[in-house]
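# A closer look at the structure
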Amino acid sequence: MESSSTVNSMIDGLAGSEGLARDRLLQYLYELQCRFSHVPDTAIGRLSSELDLPASHIRAVIAFYSFLHETPRGDFDILFSDSITDHMLGSLALQRRLCELLGVVSGQPREDGRVTVDFTSCTGMCDQGPALLVNGYAVTCLDEARIDAIAALIEAGTPVDDWPVEFFRAGDHIRRRGLLLEDDGEGSALQALGTKGAPGILDSLEQSGLRGRGGAGFPTATKWRLCAGSDADERYVVCNADEGEPGTFKDRVLLNSHADRVFEGMTLCAGTIGARHGYLYLRAEYRHLRGPLEAVLQRRREAGLLGSGISGVEGFDFDIEIHMGAGAYICGEESSLIESLEGKRGIPRKRPPFPVNSGFRNRPTVVNNVETFMAAALIAQHGADWFRGAGTEGSAGTKILSISGDCERPGIYEYPYGTRISEILEDCGARDAQAVQVAGAAGSTVPAGEFDRAIAFEDLATGGSFMVFGPSRDLLDMVVNFSRFFVHESCGFCTPCRVGGALLRDLVEKVHAGHASEHDLGEMQGIAQLMKTSSHCGLGATAPNPVLDTLEKFPEIYRGRLTGRGFEPAFDLDAALSESRRITGRDGPTAHIGTES
Amino acid sequence: MSDNTFTLDGLAIEFQAGDTIMDAALRAGAYIPHLCHNPEFEPHGSCRVCLVEANGRRVSACTQPAAAGMQVDSASQAIGDARRSLLQMLFVEGNHVCPGCEKSGACQLQAVAYYTNMLSPHFTHFFPRREVDASHPDFAIDYNRCILCELCVRASRDVDGKNVFALSGRGIGSHLVVNSPSGRLGDSAFAATDKAAHVCPVGAILPKHRGYEQPIGERLYDLQPISVVGDVAAHEQEGD
């Protein structure tokens, strides 16, 4: 158990010379969690008094983020990736195996306080799953041998630092390169900024037709212009590296192998809109990237590419700080991300105002995806025509896809917009696929009959997730997985997403268990439509997509499981009587309610 | 159409700069059902009951800025159906037993449900296990009835300056918490004179020692519909 003096000296260290700051609260909590496997009470007390925040507020922040806890998780906190693609690779059996070997109940710390084994939302290792996190660090390519080895390491108390290096190998698996991934790192967008000036850069971006790569597709030039045009004493640049959409992992690869370009894009944005501070919001699942990214930032500072007087231009001052997420998919939504950057629960803000007018610390803020910043840097350097040369009229350039599921060559593929699903399936070695889930859990389920559709904003828009489902898969398993995911990740702010999402999950599970009737399918339609049209943010509006898509395109996965009756209660009446049977000791035929009507 | 009016169900509504649809409608005396909105506080937009269709797009009236010429539809069958479903979701999420609730007849959740012709909870009940906190000498909290509108959170923070309440957790696990060492209201800085004691639209935060002072049948919404008399909080302060 930690002593209060260890906790206090750690907080002293976090405070540094500048003291503690409210909008760094989440960062403190994350560090405390990493160190103590929970946030100790003494830390909550001290943060509460020094930050002048109610302790309940701090506890509410802890309760919001999946990776923060008030009770110890133990020396080893093991979280299996709960993505459907991990399931398809056998993760559920491996998780059970580890639980059995260690003698733990899933989700509960072992009595000796050594280890907890649990699940977490997709960890972004779908091309090399099944995967897990141990104390935040990704372990890939799990099989029975690796699980057995992990159990032995835990029982021996071997610190994670001393585990075999190959456990933590995270390959890039780049299978197809295009405009972005062919980048050799030569040349400089900042030089282009020096020559063309901010108006020139904005013109280039506009002519290039670059739209946000996170999935929403907002024109990047417009976003930067609006932010630059907002009257303010300070502006911010934020890179959204909270890559949480199940099945997406391309930002991990970009940050692993093209971090300089991403940071250059952020610096270009800063120089264009007049910002002095930038933040990279990195999902905690990518903890292994934090050290290398800090090193890249340091190298850029030393090279005069960050700091004051960048590229020798007086007054061009900009630096980038890495902020860690703590396990919340909703923080990929830009206004939630900003709330999280300010150290709060990640509840999406009302719009208007939009972040370009009032974002981080209520100042104009550009929030762009990792891939968008990289594309912007390369457009500044190579020009708009270079970019427009690829893609379609409405979707210029290329899109980097993260391909996983039933295919021979999962990994990273960069395609010009307009590429058809069928071509992509051929390239990744996916034969006889029955469906592709494009854009993740919130995306579209595309049946084989529609494989001539294309990746483009005007057809299938995507942030990059591309999950392939082979002929033998039960797509209802996917729908169950996604419905549970959204219940887990809903922030809980608005009624339709908070309650509707849970009702929808229960109904999907009811179908899956073979207890649902025709009536329930109508209920699912109704709840899904309400979530779509009345939710506060995009999470609630897109959460029912998998249900709506599969009800329309794969009705047989539901209908094949329905009972013949018009209505089935939500609970098993006979099972509900079991307790009274036990108490009264009566268990004859008259003590049961027949299951046949 | 002048440049400071929009239409609400065909009626011209004047608005001022900075108004939301709700602000202008309230000033004009036009009723748009709502639960988490109270004009004394910053708009919130979480209950979604004030859902309207503005120029064909569904928005919450309490957060959507009014704009000249906007066509706002609040009375359509589709909006009514959506609102009813949202209310039914709130009913099944908590444990709302109107016949046994001291707030019955003066409860906004109940009154809005009547207004939208809600006849049953429709959805499957969650029947959550929630506590009652009677530790405070003057007030009790029945968490079974909390609808997470955050009006007490906002009142305590923005008016009382006490931060007695907060929302904690996430998703369907979201819940109201009290800022005190024990988590009990009695150990907090809460006082009967706080604004936060008089803004709850349902029976979650209730005064003690004066149960059923006003007989059932003679309460605010027993006499007139909510569309005529408006929010219960506004009447409470008048000492009704």
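Residues numbered from 1 in each chain as written. Chains lettered and ligands numbered in written order. Predicted model: local features only at pLDDT ≥ 70, side-chain atom pairs only at ≥ 80, totals over all residues.

## Let's talk about the overall build of chain A
- Looking only at helices and strands, chain A features 24 helices and 14 strands.
- Taking 597 residues into account, the globule formula puts the C-alpha radius of gyration at 25 Å, and chain A, at 25 Å, falls close to it.
- Structurally, chain A occupies a C-alpha span of about 90 × 65 × 45 Å along its principal axes. (Helix = DSSP H or I, 4+ residues; strand = E, 2+ residues; numbered from the N terminus. Rg over C-alpha atoms; globule rule 2.2 N^0.38 Å.)

## What to know about the overall build of chain B
- Along its length, chain B carries seven helices and 10 strands.
- Whereas a compact globule of 240 residues would reach a radius of gyration of roughly 18 Å, chain B reaches 18 Å, a difference of no more than 12%.
- Every one of the 240 residues in chain B was classed for burial, and the buried ones make up 48%.
- Within chain B, counting contacts between residues at least 6 apart in sequence, those at least 24 apart form 65% of the total. (Buried ≥ 20, exposed ≤ 12 C-beta atoms within 10 Å, placed from the backbone. Contact = placed C-beta atoms within 7 Å.)

## Quick notes on the sheet that holds strand S4 (residues 137-139) of chain A
Residues and elements named next belong to chain A.
- Ordered in space as S2-S1-S3-S4, the four strands form an open sheet in which the pairing is mixed. Looking at the sheet topology across the chains shown, the edges are occupied by strand S2 (115-120) and S4. Sheet twist, expressed as the average angle between the axes of neighbouring strands with direction ignored, equals 25 degrees.
- Where strand S1 (residues 76-81) meets S2, six bridges bridge the pair, whose relative direction is parallel. Within the sheet, the bridge partner assigned to Phe80 lies in S2 and is Phe119. (Pairing = 2+ DSSP bridges. Axes fitted to C-alpha atoms, helices over the stretch in contact; angles between N-to-C directions.)

## Considerations on the sheet that holds strand S5 (residues 174-176) of chain A
Residues and elements named next belong to chain A.
- Spatial strand order, S5-S11-S10-S14-S12-S13: six strands in an open sheet with mixed pairing. With one partner strand each, in any of the chains shown, S5 and strand S13 (444-447) form the two edges of the open sheet. Between one strand axis and the next, the sheet turns by 30 degrees as a mean value, whatever way the strands run.
- One ladder, built from four bridges, connects strand S12 (residues 435-438) with strand S14 (residues 465-469); its direction is antiparallel.

## Overview of helix H3 (residues 41-51) of chain A
Residue and element names in this part refer to chain A.
- Within the span of H3, buried status applies to Ala43, Ile44 and Leu47. Each buried residue of H3 sits inside an arc of 100 degrees when the element is viewed along its axis, so together they form one side.
- Each element contacted by the buried residues of H3 is listed here: helix H1 (4-15), helix H2 (25-36) and helix H4 (55-64).
- Backbone geometry just after H3 places Asp52 at a positive phi near 55 degrees. (Arc of directions from axis to C-beta.)

## Quick word on unusual backbone geometry
- Omega for the bond connecting Gly129 of chain A with Pro130 of chain A falls within 30 degrees of zero, at -5 degrees, which places this linkage in the cis form.
- Structurally, the position occupied by Pro130 of chain A is in the loop between S2 and strand S3 (132-134).
- With an omega of -10 degrees, the peptide bond running from Arg351 of chain A to Pro352 of chain A counts as cis.
- Along the chain, Pro352 of chain A turns up in the loop between helix H13 (334-341) and strand S9 (365-369).
- Notably, Asn55 of chain B is not glycine yet its phi reads approximately 50 degrees, a positive angle.
- Turning to its location among the elements, Asn55 of chain B is positioned in the loop between strand S3 (51-54) and strand S4 (57-60).
- Located in the positive-phi region is Phe127 of chain B, a residue other than glycine, with phi close to 40 degrees.

## Regarding the domain arrangement of chain B
Residues and elements named next belong to chain B.
- Taken domain by domain, chain B holds domain 1 (5-75) and domain 2 (81-223).
- Facing the 12 residues of domain 1 at the interface are 19 residues of domain 2.
- Here the side of domain 1 that touches domain 2 is built from residues that sort into seven nonpolar, three polar and two charged. (Domains from an automatic or database assignment. Nonpolar A, V, L, I, M, F, W, Y, C, P; charged D, E, K, R; others polar.)

## A word on the pairing of S3 of chain B
Residue and element names in this part refer to chain B.
- Judged from the four bridges that link them, S3 and S4 form a sheet pairing that is antiparallel. Considered in S4, the bridge of Leu51 is made with Ser60.
- Between the antiparallel neighbours S3 and S4 lie two residues, among them Asn55 with a positive phi of about 50 degrees.
- The pairing of S3 with strand S5 (residues 71-73) spans two bridges and is classified as antiparallel.

## Observations concerning the environment of Asp231 of chain A
Residues and elements named next belong to chain A.
- With respect to the helices and strands, the residue Asp231 is situated in the loop between helix H9 (220-229) and strand S6 (236-241).
- Classification of Asp231 as exposed rests on a count of 6 C-beta atoms within 10 Å.
- Measuring from C-alpha to C-alpha, the distance between Asp231 and Asn357 comes to 8.3 Å, with 126 residues separating the pair along the chain.

## What about the interface of chain B and chain A?
- Counting residues at the interface gives 28 residues for chain B, matched by 30 residues for chain A.
- Mapped by element, the contributors of at least two residues to the side of chain B that touches chain A are helix H2 (77-93), strand S8 (165-168) and strand S9 (175-178) of chain B.
- Ranked by the residues each element gives to the side of chain B that touches chain A, the list is headed by H2 of chain B, at six residues.
- Residue composition of the side of chain B that touches chain A, by class: 13 nonpolar, 11 polar and four charged.

## A short note on the packing of helix H8 (residues 189-208) of chain A against H9 of chain A
Residues and elements named next belong to chain A.
- Two elements in contact, H8 and H9, have axes separated by 8 Å at closest approach and are oriented at 150 degrees. The orientation of H8 with respect to H9, classified from their angle, is roughly antiparallel. Across the interface between the two elements, Leu202, Leu205 and Glu206 from H8 touch Thr220, Ala221, Trp224 and Arg225 from H9.
- Residue classes in the contact of H8 with H9 are distributed as four nonpolar, one polar and two charged. (Parallel < 35°, antiparallel > 145°, perpendicular 65-115°, else oblique.)

## Points about the pairing of strand S7 (residues 139-142) of chain B
All names here are of chain B.
- As paired elements, strand S6 (residues 132-133) and S7 share two bridges and run antiparallel to each other. The residue of S7 that forms the bridge with Asp133 is Ile141.
- Between S6 and S7, which pair antiparallel one after the other, the connecting turn spans five residues.
- As judged from the three bridges shared by S7 and strand S10 (residues 205-207), these two strands associate in the antiparallel manner. When the bridges of S10 are listed, Phe139 appears paired with Pro207.

## Quick notes on H4 of chain A
- Taking burial as the measure, the 10 residues of H4 of chain A include nine buried ones, the bulk of the element.
- All of the buried residues in H4 of chain A are Ser56, His57, Ile58, Arg59, Ala60, Val61, Ile62, Ala63 and Phe64 of chain A.
- Looking at the packing, one finds that the buried side of H4 of chain A touches H2 and H3 of chain A together with S8 and S9 of chain B.

## Some points on the nonpolar core
- With 246 residues, the main nonpolar core has Leu29, Val238, Val262, Cys269 and Ala376 of chain A together with Val52 of chain B as its most contacted residues.
- If near-sequence neighbours (up to four positions away) are discounted, Val52 of chain B is found in contact with Ile21, Ile32, Val59, Ala61, Val72, Asp73, Ser74 and Ile79 of chain B. (Core = buried A, V, L, I, M, F, W, Y, C linked by C-beta atoms within 7 Å.)

## Brief notes about the environment of Leu20 of chain A
Residue and element names in this part refer to chain A.
- Mapped onto the secondary structure, Leu20 falls in the loop between H1 and H2.
- On a C-alpha basis, the gap between Leu20 and Leu51 in space is 6.8 Å, while along the polypeptide they are 31 residues apart.
- Discounting residues that sit within four places of it in the chain, Leu20 has contacts with Ala15, Glu50 and Leu51.

## Notes on the packing of helix H11 (residues 259-273) of chain A against helix H12 (residues 287-302) of chain A
Residues and elements named next belong to chain A.
- The geometry of H11 relative to H12 is characterised by a closest axis approach of 10 Å and an angle of 60 degrees between their N-to-C directions. Here H12 runs oblique to H11, going by the angle between their axes. For the element pair H11 and H12, the recorded crossing hand is right-handed. Contacts between H11 and H12 involve Ala259, Asp260 and Phe263 on the former and, on the latter, Leu293, Val296, Leu297 and Arg300. (Left-handed = near helix turned anticlockwise from the far one by under 90°.)

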